[in-house]
Amino acid sequence: MITAAEAMVKCLELEGVKVVFGYPGAAICPFYDKLYESDIHHVLVRHEANAGHAASGYARMTGQPGVCIATSGPGATNLLTAIATAYADSIPLICITGQVSTDQIGCDVFQEVDITGAAEPFVKYSYLVKEAADIPRIFKEAFYLAGTGRKGPVLIDVPQDVQMRMINFEYPSEIRMRTYKPAFKGNPLQIQRIHDAVNSAEKPLLIVGGGVFLSGAEKELRSFAQKAHIPAVSTMMGLSVFPTDDPMYLGMIGMHGLRSANTAMNTCDTIVMIGARVGDRAVRSPSFLAEGKTIIHIDVDPAEIGKNISVDIPLVGDCREILTELCAMEYDNDHAEWHTEIHEIKNIVSTNEETEGYINPKVFIRRLSDRLPDDTICVADVGSNQIWTCNNFGFREGGRFLTTGGMGTMGYSLPCALGAKLSSPDREVVAICGDGSFQMQMMELATVIQENAAVKIIIMKNKRLGMVRELQTKNYENRLIATDIGNYPDFVALAKAYGIEADRVSTMAEAEEKIEKLASSKSAYLLECNVYKLESTL
Amino acid sequence: MKYTVSVLVENHAGVLSRISGLFARRGFNIDSLAVGATNDPTISRITIIADGDEHTAQQLEKQLNKLVDTIKVRMLSADELIERELQLIKINAAPAQRSEILTLCDLMGAKVIDLTATSMTIEISDSTEVLQRFHSLIEGYGIKEIVRTGTIAIQKGAVTIR
């Protein structure tokens, strides 16, 4: 017999978990006491939301569910934003929370909150463990649920007394769930229909979403594009599936996308959406877009198909499975005329005006990506900095982009970058954020230094909440309120206070030298970029 | 458009809140929701009467199916189902009116389950249509209180949902 707390740790070990992110408290102490004896590396974050975001970064790079831990009450509620973020972006997480003892549940005792109730709208599933003996089954199911089908966060809430009970530990070898059977293979008839539709189309276009990464179908997707001669655009979550300069590829669509990509999307006659959910930021007016076009939608979640756009050929299944089958077919239409047109569309470029005495973030990000290694993991935060990065960071073969496109959670980039770095210590990881978003996460500088994680941090400091300022200018008659965040703190001094190397860059003339210093540093490094206060997002 | 949905779900704590939360969250309008264990005690059957267009109905079905606790979802069309709702109705009934009300109850298949000097409590179980007709017949006496279970439905003939 072992305690349920020990069983929880054993379950994690048996699932192959190497790193967990968390923040302890009284109600989760029995679990931590057993983690003491484990080889699992625990990363102590400085705020529970960041445990979730770091686990998200880790999960996205390993392809396995990331694990985050918090205590009951405020610990658990702090985790909520990270859970919702992971849910919106379909990131597999196992969120373990301590709960007050079963005899106290419902009595409003110290640090008690109904966390399974609070998280219900944005978890894939949740468990409030009442029977200690259920722990092995619940953990087995949780990992399976989080990591299969439409991936997402699963919450396991374990009361303190349950953690201390003794159980016979036996980890189930198989899943027995009569209700949950995610689709895997695509319907062969529909696959044939898709083949015929793209082969006979005059102007087919692929819209690549984050689901392609989630099913590990990057290679298969690109071979399909090549084989069937279909150009591609990307949603924010699908960025870096294609290298930025791939001749088949036109960039990001949507409200903040490139004109070229949006033009291609509007002029094509057949759209193949794959692992994309037609979010409002990607497609503002789905019914307008669908008019006169053949819409093909491939997704693992049946509920996404037909939700936001009416579909001519729906196909439910795993992207990689389906693309493998589509790649095995022959395509004799090379869409030559369409490719000539695409070539012209690609030449539509937006111009960038440089403001004297400041860093032009768009040009700067291009130069930064030129200098960094091909396989760099680039994490963008939320706001103008995100769009600058999406549209200007040059992704190359093996590179990877991470951001929260669904939730748009400020403060995501640094903890996510930390998680990504811990999963891939040999790769360069750069977090790009604004001075607004950085201040929602800067406590994690402590975690970065504690973990000795060589994360590179870029702060685009325009002393404004730039994207909201832009909204106020455009839509609210320039009545600016609550968007001026001033010229503080001194981020360079702040980083140094944490023991992190830091520098500042104010003009484009010094950009190259400063980028070189950042790129050649072997440890964590922060670079504050002086950006004009009215610098536009696009 | 009104539609009837039968949902088989795992019979454990938290399932009903997941289902009802889904309706609120996705903006589906429900008229009634009735739930109870089936002959298999590990399974509950939920009958939902909802309102909305065809797109909404399809989305509702997909979202219900997506819930991990859902075993089966079946949209039932009006011509293939038998529906019933149980209602308990308390009305004003002076002694002089009793025999008249009793006749009405008798004709409509309702039963008097409680009686005082000034009131009567009636039990009736029938389809929505019949219940509406019964209401119109007795409302003249003054309805004091109505308690209803919500509609449950089963398919006609030998077919089953399992």
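These numbers were taken from a predicted model, which means no experiment stands behind them.

Draft legend 1. Looking closely at the overall build of chain B. Regarding its fold elements, chain B presents four helices and nine strands. The order of α-helices and β-strands along chain B, N terminus first, is β-α-β-β-α-β-β-α-β-β-α-β-β. Based on the C-alpha atoms only, the size of chain B along its principal axes is roughly 55 × 35 × 35 Å. By the burial criterion, 22% of the 162 residues in chain B qualify as buried. The contacts in chain B between residues at least 6 apart in sequence include a share of 72% that link residues at least 24 apart.

Draft legend 2. Seen up close, the overall build of chain A. Of regular secondary structure, chain A possesses 22 helices and 20 strands. For 538 residues, the compact-globule estimate of 2.2 N^0.38 gives 24 Å, and chain A sits close to it at 24 Å. Dimensions of chain A along its principal axes, counting C-alpha atoms only, are 70 × 60 × 45 Å. When the 538 residues of chain A are sorted by exposure, 54% land in the buried category. Across chain A, contacts joining residues at least 24 apart in sequence account for 77% of those joining residues at least 6 apart.

Draft legend 3. Structural context of the domain arrangement of chain B. Residue and element names in this part refer to chain B. Looking at chain B, the domain boundaries give domain 1 (2-76) and domain 2 (82-152). The gap between the C-alpha centroids of domain 1 and domain 2 is 29 Å. Taken together, the contact between domain 1 and domain 2 spans six residues of the former and five residues of the latter. When contributions to the side of domain 1 that touches domain 2 are tallied by element, the ones reaching two or more residues are β2 (29-37) and β3 (43-51). Per-element tally for the side of domain 1 that touches domain 2: the top contributor is β2, with three residues.

Draft legend 4. A look at the sheet that holds strand β2 (residues 19-22) of chain A. Residues and elements named next belong to chain A. If you trace the six strands from one edge of the open sheet to the other, you get β3-β2-β4-β5-β7-β6, paired in parallel fashion. Edge positions in the open sheet fall to β3 (41-44) and β6 (125-128), since each of these has one partner strand only. Pairwise comparison of adjacent strand axes, ignoring direction, gives a mean angle of 20° for this sheet. For β2 and β3, the ladder comprises four bridges, and the chain directions are parallel. Each residue of the ladder has a partner; that of phenylalanine 21, found in β3, is valine 43. Across the face of the sheet, helix α6 (residues 135-147) comes into contact with β5 (93-99), β6 and β7 (153-159) while running at roughly 160° to β7.

Draft legend 5. Highlighting the sheet that holds β3(B). Residue and element names in this part refer to chain B. Across the sheet, which stays open at both edges, the four strands sit in the order β2-β3-β1-β4 with antiparallel pairing between neighbours. Single-partner strands in this sheet number two, and they are β2 and β4 (70-76). On average, each strand axis in the sheet is inclined to that of its neighbour by 15°, with strand direction left out of account. Examined bridge by bridge, β2 and β3 share eight bridges and lie antiparallel to one another. Its bridge partner being in β3, asparagine 29 is matched across the sheet by aspartate 51. Helix-sheet contacts for helix α2 (residues 54-66) involve β1 (2-10), β3 and β4, and the interaxial angle to β4 is about 165°.

Draft legend 6. Region of the structure containing the pairing of strand β12 (residues 270-274) of chain A. Residues and elements named next belong to chain A. Where burial is concerned, most of β12 is hidden: five out of the five residues are buried. Burial along β12 is two-sided: Thr270, Val272 and Ile274 facing one way and Ile271 and Met273 facing the other are all buried. Relative to strand β13 (residues 294-299), β12 runs parallel, the two sharing five bridges. Among the inter-strand pairings, methionine 273 is bridged to a residue of β13, identified as histidine 297.

Draft legend 7. Region of interest: helix α22 (residues 511-520) of chain A. Residue and element names in this part refer to chain A. Along α22, the residues that are buried comprise Ala511, Lys514, Ile515 and Leu518. The buried residues of α22 occupy one face: seen down the axis, they fall within an arc of 100°. Counted as exposed and oriented over 90 degrees from the buried face of α22: Glu513, Glu516 and Ser520. Looking at the buried residues of α22, the elements they touch are α15 (361-371), β18 (455-461), β19 (501-505) and β20 (525-530).

Draft legend 8. Focus on the packing of helix α3 (residues 48-62) of chain A against helix α17 (residues 413-423) of chain A. Residue and element names in this part refer to chain A. The geometry of α3 relative to α17 is characterised by a closest axis approach of 7 Å and an angle of 40° between their N-to-C directions. The angle between α3 and α17 falls in the class oblique. Handedness of the α3/α17 crossing: right-handed. On α17, the residues that touch Asn50, His53, Ala54, Ala55, Ser56, Gly57, Tyr58, Met61 and Thr62 of α3 are Pro415, Cys416, Ala417, Leu418, Gly419, Ala420, Leu422 and Ser423. Tallied by class, residues from the contact of α3 with α17 come to ten nonpolar, seven polar and no charged.

Draft legend 9. Representation of the domain arrangement of chain A within the structure. Residues and elements named next belong to chain A. Each assigned domain of chain A is listed here: domain 1 (2-167), domain 2 (188-345) and domain 3 (361-530). One C-alpha centre belongs to domain 1, the other to domain 2; they are set 36 Å apart. Counting residues at the interface gives six residues for domain 1, matched by six residues for domain 2.

Draft legend 10. Region of interest: the environment of A:Asp161. Mapped onto the elements of the fold, A:Asp161 is located in helix α7 (residues 160-164). Ignoring anything within four residues of it in the chain, the contact list for A:Asp161 reads A:Ser101 and A:Thr102.

Draft legend 11. Fine view of the interface of chain A and chain B. Contacts between the two partners involve twelve residues from chain A and, on the opposite side, 16 residues from chain B. Each residue belonging to the side of chain A that touches chain B can be placed in one class, and the counts come to six nonpolar, three polar and three charged.

Draft legend 12. Representation of unusual backbone geometry within the structure. Residues and elements named next belong to chain A. Omega for the bond connecting tyrosine 488 with proline 489 falls within 30 degrees of zero, at 0°, which places this linkage in the cis form. Among the secondary structure elements, proline 489 is positioned in the loop between α20 (466-475) and α21 (491-497). Residues other than glycine seldom take positive phi values, yet valine 278 does so here, at roughly 55°. Within the element layout of this structure, valine 278 appears in the loop between β12 and α12 (286-290). Under the C-beta neighbour-count criterion, valine 278 is labelled buried, with 24 such atoms within 10 Å. Unusually for a residue other than glycine, lysine 463 sits at a positive phi of about 60°. Residue position: lysine 463 is located in the loop between β18 and α20.

Draft legend 13. How the structure looks around helix α1 (residues 15-26) of chain B. For α1(B), with twelve residues, the first-to-last C-alpha span of 17 Å sits near the 16 Å given by 1.5 Å per residue. Positive phi appears at B:Gly27, one or two residues downstream of α1(B), with a value of about 75°.

Thresholds, definitions, all that
Residues numbered from 1 in each chain as written. Chains lettered and ligands numbered in written order. Predicted model: local features only at pLDDT ≥ 70, side-chain atom pairs only at ≥ 80, totals over all residues. Helix = DSSP H or I, 4+ residues; strand = E, 2+ residues; numbered from the N terminus. Buried ≥ 20, exposed ≤ 12 C-beta atoms within 10 Å, placed from the backbone. Contact = placed C-beta atoms within 7 Å. Rg over C-alpha atoms; globule rule 2.2 N^0.38 Å. Domains from an automatic or database assignment. Pairing = 2+ DSSP bridges. Axes fitted to C-alpha atoms, helices over the stretch in contact; angles between N-to-C directions. Arc of directions from axis to C-beta. Parallel < 35°, antiparallel > 145°, perpendicular 65-115°, else oblique. Left-handed = near helix turned anticlockwise from the far one by under 90°. Nonpolar A, V, L, I, M, F, W, Y, C, P; charged D, E, K, R; others polar. Expected span 1.5 Å × (residues − 1).

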